[in-house]
Structures are given as structure tokens and as C-alpha cells.
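Next come the chains, spelled out residue by residue.
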Amino acid sequence: MSGNKGTIQIIKAIRKERESFLIRCVQLPYNCPTTPPRNYPKAWSNPNDVTTLPPDHREVFHSLCIFDYQTQYDVALTYRNAEKPFVIRNDPKVMSVVQKWDDESGDYLHQILGDVEQFRTERSSVNSFMWYRLRRKKAEKKGYTKPLNDETSMTYGEWLEHALEKDGIALGNEELIAKARTLRDRRLSLSTKSAPEEDNHSIEKGGEESEEGKEKKWFYFRLNASLKGAKKGSPESFIYDELTFFDPRKRRDSEFYIVDPNEERGINCRFGMRGVIAANHFDMSRNMIAILGGERRYILAHPSQCKNMALYPRGHPSLRHSSIDWTNPAEWDHDPNFRQAQVNEVIMHAGDVLKVLLAAACSFLGISLSYLPTFRFHSIINLGLNYQFNARSGTTFENKQHTDECGFG
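Predicted model, so just to flag it, every value in this text is computed and none were measured.

Caption draft 1: Just the pairing of strand E7 (residues 218-225), in detail. The buried fraction of E7 amounts to seven of the eight residues, a majority that puts the element mostly inside the structure. Across five bridges, the pairing between E7 and strand E8 (residues 264-272) is antiparallel. Across the sheet, residue Asn224 finds its bridge partner in E8, namely Asn268.

Caption draft 2: Main features of the state of the cysteines. Enumeration over the complete set of coordinates arrives at two disulfides. The disulfide bridge from Cys306 ends at Cys406, spanning 1.7 Å between sulfur atoms. On the S-S bond that ties Cys306 to Cys406, the torsion sits near 60°, and the link is right-handed. Remark: Cys406 occurs in helix H11 (residues 400-408) and Cys306 occurs in the loop between strand E10 (287-301) and strand E11 (342-350); sequence separation between them is 100 residues.

Caption draft 3: Local environment of the packing of helix H5 (residues 156-171) against helix H6 (residues 174-190). Between H5 and H6, the shortest axis-to-axis distance is 7 Å and the interhelical angle comes to 155°. Taken together, H5 and H6 sit at an angle that is classed as roughly antiparallel. The hand of the H5/H6 crossing is left-handed. Contacts from Glu158, Leu160, Glu161, Leu164, Glu165, Asp167, Gly168, Ile169 and Leu171 in H5 reach Leu176, Ile177, Lys179, Ala180, Leu183, Arg184 and Arg187 in H6. Class assignment of the residues belonging to the contact of H5 with H6 gives a composition of eight nonpolar, one polar and seven charged.

Caption draft 4: Spatial organisation of unusual backbone geometry. Following Tyr40, the chain continues into Pro41 via a peptide bond in cis, with omega recorded as -10°. Here Pro41 shows up in the loop between helix H1 (7-16) and strand E1 (44-45). Of note in the backbone geometry, Asn90 takes a positive phi value of approximately 65° without being a glycine. Counting through the fold element by element, Asn90 comes out in the loop between strand E3 (86-89) and helix H3 (92-101).

Caption draft 5: Layout of helix H2 (residues 73-81). Among all positions of H2, only Val75, Ala76, Tyr79 and Arg80 are buried. Projected down its long axis, H2 shows its buried positions confined to an angular sector of 140°, all on one face. Count one or two residues on from H2 and you reach Glu83, which has phi positive near 55°.

Caption draft 6: Expanded view of the environment of Ala43. Relative to the assigned elements, Ala43 resides in the loop between H1 and E1. Expressed as a C-alpha distance, the spacing of Ala43 and Val343, which sit 300 residues apart in the sequence, is 4.9 Å. Setting aside anything within four residues of it in sequence, one finds Ala43 in contact with Gln342, Val343 and Asn344.

Caption draft 7: Examining the confidence of the model for the protein chain more closely. Averaged over all residues, the pLDDT of the protein chain is 80; the fraction at 70 or higher stands at 77%. Least confident of the elements in the protein chain is helix H10 (residues 354-358), whose mean pLDDT is 23; most confident is strand E4 (residues 119-124), at 96. Every residue in residues 193-207 scores below 50 in pLDDT, and together they form 25 contacts with partners more than four places removed in sequence or on other chains. Throughout residues 351-367 the model reports pLDDT below 50, and contacts reaching past four residues in sequence, or to other chains, amount to 50 contacts.

Analysis parameters
- Residues numbered from 1 in each chain as written.
- Predicted model: local features only at pLDDT ≥ 70, side-chain atom pairs only at ≥ 80, totals over all residues.
- Heavy atoms only, no water.
- Buried < 20%, exposed > 50% of the residue type's maximum accessible area, 1.4 Å probe, protein only.
- Helix = DSSP H or I, 4+ residues; strand = E, 2+ residues; numbered from the N terminus.
- Pairing = 2+ DSSP bridges.
- Disulfide = S-S within 2.5 Å.
- Axes fitted to C-alpha atoms, helices over the stretch in contact; angles between N-to-C directions.
- Parallel < 35°, antiparallel > 145°, perpendicular 65-115°, else oblique.
- Left-handed = near helix turned anticlockwise from the far one by under 90°.
- Contact = heavy atoms within 4.5 Å.
- Nonpolar A, V, L, I, M, F, W, Y, C, P; charged D, E, K, R; others polar.
- Arc of directions from axis to C-beta.
- pLDDT = per-residue confidence, 0-100.

Structure below.
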């Protein structure tokens, strides 16, 4: 796929531009004790800038432990078994995947996922994405306004085009912009003249969406893999073949990450572009998150903060999610408890080990994974083109009383 040659080199160029970027940590996370401290991890009363300013303008409120898979496996296992969040890196199995995807030709994922098959993709005219599920008459409740994001279908090649363009514009990088235009020209030359009703970009819009219209939007590309759907030669089979550390059938590789193989729920793949924000929420299962390319920031909170999170209640299409925009201080007073919420954050990257030496201690430029126990709150900010993969495996109930007390019992 010569049209995609050089994509990974361009992505590397984005990361290189950040090498001189130094940030100060409020608390260094490296010298963690062998057992979790009583109040681990430390959290701060919602600092005014933690949800509104990017990390290069402030301190980073990070307090999660970072463990080396090869030298601190037993300590990480202790934290995992205690259902505490942490970051782990330097796992050879994970590193080998990143090295393969980060090949010199730059077209590995594009070659696999291609320009033909279309995948579920969320889109929005704004960069904030809110999960919701409409249920017939409940969706017509008086006063309910559906979020601006909806769903469409898109090839990986087209998503890559839009993601590179967002990076190029933000960084003022003409090479990235030119690469995006080359991908667009190739896509348009390959496309057939389908009838308007067959155009997948017409979903919920009633007509074909112009190229100019798509350039103004944000897209969140998704690929969900399940063992049942992992037929030979399919994209789902590719995900399981590559990410053996998330495959419950391969226990030697996955025993650390898939805690309860009988409760495995597939591998969720989220390909994010610069600026996309996923609203704060909690999930009903433990979660292992791998970043295999790019950068993401997570704002985290303990389940005890449920009462302070201004959550949509049961019965609402966006239940379990914060009802206020965390990036907009004008909304913070809509719920008097929100300013009391205690949070911390973590910035995760995928890259080579050398970059650890060039960045501050709390900017993880090594290949890393994070462990998020059941009911932990998390808001996600995409700092550039990135690949996130997560796997869930079972539910624990040590913090269920907190979510019960705020209406989710």
C-alpha cells in the first residue's frame, strides 16, 4: 500500500516535537512500597486547571505507581490483587506489538484494516463525546436533548486521514497535512459513485456529507473484537492474534491482564484523534487498558467520589456519566458538590524507552498499560492520534457501597 508509506514516520515526528516538553509532577510515582499504602492513590480536591488546561501549562496531578513488568511483576501483582489502579510497562509481549505496528514502512494497520471494510465510528461537530442509549419512549422524555455525537461507518484509511489532518493543523505541520490530503485523494479515487441512500456518511443526516463538512468534525474509530466473532482472516481474529496478552485462551501471556478468563468480554479498540474527549463515567467491571500508539490523558477518581460527580441517574440515556462539561468552568456550579471532587490523573504514551530519558518522570514515554478496578471514574482526553485497547474480566464489589449510595444500587 504505497499510498500509506511513511505514516508511522510522520507519527514519530509528532512525538519528537514533544521531546523537549518538560512537566513537573506534584508527586513522583516511582518508588512505591511493595504493598499499597492506606490512602493510595493520592487525590486532590478538583484543581481548577486539572480539567481545563493541557499538561504543558501546569503541574501534573499524578500519583499512580508505575511498575516494570520484568523487574517488579510480583509487586504489580500485589496491587492488582488488592484492586488498586497502577501503570505497568516494559512487557516484552506488549513491546513486540508496538514495534511491529511501528514498522518502517508505516502501513501495517492500514494494510490490515484497509480502505474497503467499514467500521463503527462515532462522530461529532464538537470534540466532547457523551455516551448515550436511547430506549423508545424513554428517549422522548420532556426536556431531554440528545448529545451532538452520533454514529456512522468509516474505513480505517479514512479515519487515519482525518486524524492526521487534525494533528497537522494543530502542530502547523505541512507534511502531516499533505499526507492527509494524499490519503483523501487516494480514497476518492478508489470510491465508486454510489447512490445517496447507500452513502454511509448519510446516517441520521438525510443526505451526503461533504468533504468540507467532514473536515470540521471529530471521529472516534472503534473495533470491538470477541472470541465468538474472531473468524479466521477477520479483523477480530487479527486483534486476538496480535494481542495475545488479552487473549484468555493463552493463559501464559494473559494471566496477569485477564484476571478472570471466564468473565472475559472481548477486546475494545478505540482509535482516537487529537482533541477528542470522552465524558467522565464509571464501568461495572475491572479494566486493563493498553496504549499501543500515541498519547492519552486520563482523569481518575475513586468510587467514593460518586456523590461529587454530578452523574446522570438511572433511567437517563447517559446514566453513570457526568452531567456537566468538565472542561467548562461555567458549568461547575450546576452541582454544588463538583468542586469538592478529588481526582488524580495519568498521561500514557506508547514509544521507545529512550524517550523516558528525554521527558519528565511522570510523562510515560515507554509502552505501558494501566489497571482500572471496578467502579473507578475516568475521563479520557486524546492528546493526538492514538490507539487504545482495553479488556474487561469480571466485577468486584469492594467499592459498591459508594455507587449504591448515589443511586446505582
